[in-house]
Amino acid sequence: LLALHGPEHASVLSTRMFLADTLIQQQRLAEAEREFRIVAAVRRQTLGEMNPDTHLALANLSAILEDQGKLDEAVPICRVALDIQITRLSEDDPRTLMAMSNFATLLRKAGQLDESETLLRRTLDIRVRVLPNNHGNTLRSRNSLADLLASRGKFEEAEPMFQDLIVRADQA
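This is a predicted model, so every value here is computed, not measured. (Residues numbered from 1 in each chain as written. Predicted model: local features only at pLDDT ≥ 70, side-chain atom pairs only at ≥ 80, totals over all residues. Heavy atoms only, no water.)

What is the right way to look at the overall build of the protein chain in this model?
Counting its secondary structure elements, the protein chain contains nine helices and zero strands. Written out in order from the N terminus, the α and β elements of the protein chain read α-α-α-α-α-α-α-α-α. Seen along its three principal axes, the alpha-carbon backbone of the protein chain occupies a region of about 60 × 30 × 30 Å. Within the protein chain, the fraction of its 172 residues that count as buried is 37%. In the protein chain, 49% of the contacts between residues at least 6 apart in sequence involve partners at least 24 apart. Accessible area of the protein chain: about 9400 Å², with a carbon and sulfur share of 54%. Charge-centre separation for the protein chain: the mean point of 21 positive side chains lies 3 Å from the mean point of 25 negative side chains. (Helix = DSSP H or I, 4+ residues; strand = E, 2+ residues; numbered from the N terminus. Buried < 20%, exposed > 50% of the residue type's maximum accessible area, 1.4 Å probe, protein only. Contact = heavy atoms within 4.5 Å. Areas by Shrake-Rupley, 256 points an atom, 1.4 Å probe, with all protein chains shown as cover. Lys, Arg positive; Asp, Glu negative; His and termini not counted. Charge placed at Lys NZ, Arg CZ, Asp CG, Glu CD.)

Looking at this model, I keep getting lost on the pattern of salt bridges. Mind explaining?
Should their charged atoms come close, side chains of opposite charge can pair. Following the criterion strictly, the structure yields 20 salt bridges and no others. Notably, a salt bridge pairs Arg37 with Glu33, separated by 2.8 Å at the nearest N-O pair. Of the two residues, Arg37 and Glu33 both sit in helix H3 (residues 29-47), four residues apart, roughly one turn of that helix. Measuring nitrogen to oxygen at the nearest pair gives 2.7 Å for the salt bridge that ties Arg108 to Asp147. A residue pair is termed long-range when its members are at least 10 positions apart, and Arg108 in helix H6 (residues 94-109) and Asp147 in helix H8 (residues 136-151) qualify at 39 residues. For Arg108, a relative accessible area of 29% gives the class partly exposed. Connected via shared salt-bridge partners are Asp114, Glu117, Arg121, Arg152, Lys154 and Glu157. (Salt bridge = Lys/Arg side-chain N within 4 Å of Asp/Glu carboxyl O.)

What's the story with the environment of Arg79 in this structure? I'm lost.
Counting through the fold element by element, Arg79 comes out in helix H5 (residues 71-89). Separated by 17 residues in sequence, Arg79 and Ser62 have C-alpha atoms that sit 9.1 Å apart. Excluding residues that lie within four positions of it along the chain, Arg79 makes contacts with Phe103, Leu107, Gln112 and Glu115.

What exactly am I supposed to notice about the nonpolar core here?
Core analysis: the largest hydrophobic core is formed by 40 residues, its most contacted members being Leu61, Phe103, Leu106 and Leu119. Elements that contribute at least two residues to this core include exactly helix H2 (10-25), H3, helix H4 (52-67), H5, H6, helix H7 (113-130), H8 and helix H9 (155-171). The leading source of residues in this core is H5, at eight residues. Once you skip the residues sitting within four places of it in the chain, Leu119 turns out to touch Leu82, Met100, Phe103, Ala104 and Leu107. (Core = buried A, V, L, I, M, F, W, Y, C linked by side-chain atoms within 4.5 Å.)

Just checking my understanding: could you explain the packing of H3 against H4 for this structure?
When two helices pack together, their arrangement is captured by the angle between the axes and the distance separating the axes. One way to put it is that H3 packs onto H4 with a least axis distance of 8 Å and a crossing angle of 155°. When the axes of H3 and H4 are compared, the pair comes out roughly antiparallel. Here H3 runs over H4; the crossing is left-handed. On H4, the residues touching Leu29, Ala32, Glu33, Phe36, Arg37, Val39, Ala40, Arg43, Arg44 and Leu47 of H3 are Asp53, Thr54, Ala57, Leu58, Asn60, Leu61, Ile64, Leu65 and Asp67. (Axes fitted to C-alpha atoms, helices over the stretch in contact; angles between N-to-C directions. Parallel < 35°, antiparallel > 145°, perpendicular 65-115°, else oblique. Left-handed = near helix turned anticlockwise from the far one by under 90°.)

What is the right way to look at the layout of surface pockets in this model?
Gaps left between atoms are located by rolling a probe of water-molecule size over the structure's atoms. Roughly 230 Å³ of volume is contained in the largest pocket. Lining of the largest pocket is provided by 15 residues; of these, Ala59, Cys78, Ala99, Asn102 and Phe103 occupy positions nearest its centre. Breaking the lining of the largest pocket down by element, the ones donating at least two residues are H4, H5 and H6. No other element matches the six residues that H6 contributes to the lining of the largest pocket. Along the lines of polarity and charge, the residues of the lining of the largest pocket split into nine nonpolar, four polar and two charged. (1 Å grid on protein atoms, 1.4 Å probe; cavity = no way out; pocket = protein on both sides within 12 Å on 5 of 7 lines; lining within 4 Å. Points joined across faces, edges and corners; volume = space filled by probe spheres on them. Nonpolar A, V, L, I, M, F, W, Y, C, P; charged D, E, K, R; others polar.)

As structure tokens, this is what we get:
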């Protein structure tokens, strides 16, 4: 396939993505990372930053780096992927909100707690605006923020959030 079409052909890149997924299933993460890096680099170069396939390649690369504990590398790549998603879809899009939540989790793992908290607050604010207060995603966002606040010793803010979550769970 590579000899027939060349390294930039969509079929070759799709095959690399399938190979990376297969390597992940075998816990061969470093090899999967290599494939994701190739795909991300080629897609950035040939398709540009705003292409959905470029976004997917960057998101996959960030995820495999996170899975390997390479958080310092995963964070900037995930940031770019999120910026692409926000630009392409808007902040209100459910897929963007999920990406924002996932990025906040990555930031927390990486010890970037201030930025994680800011992003969790932003995500919750948007979800409260576009979804019902009792929607599962709104409740998960509220719980994630409360958990981070508690872990940072911000108990006076976290406790009422947890109490509110309990009341909402009892009402469901």
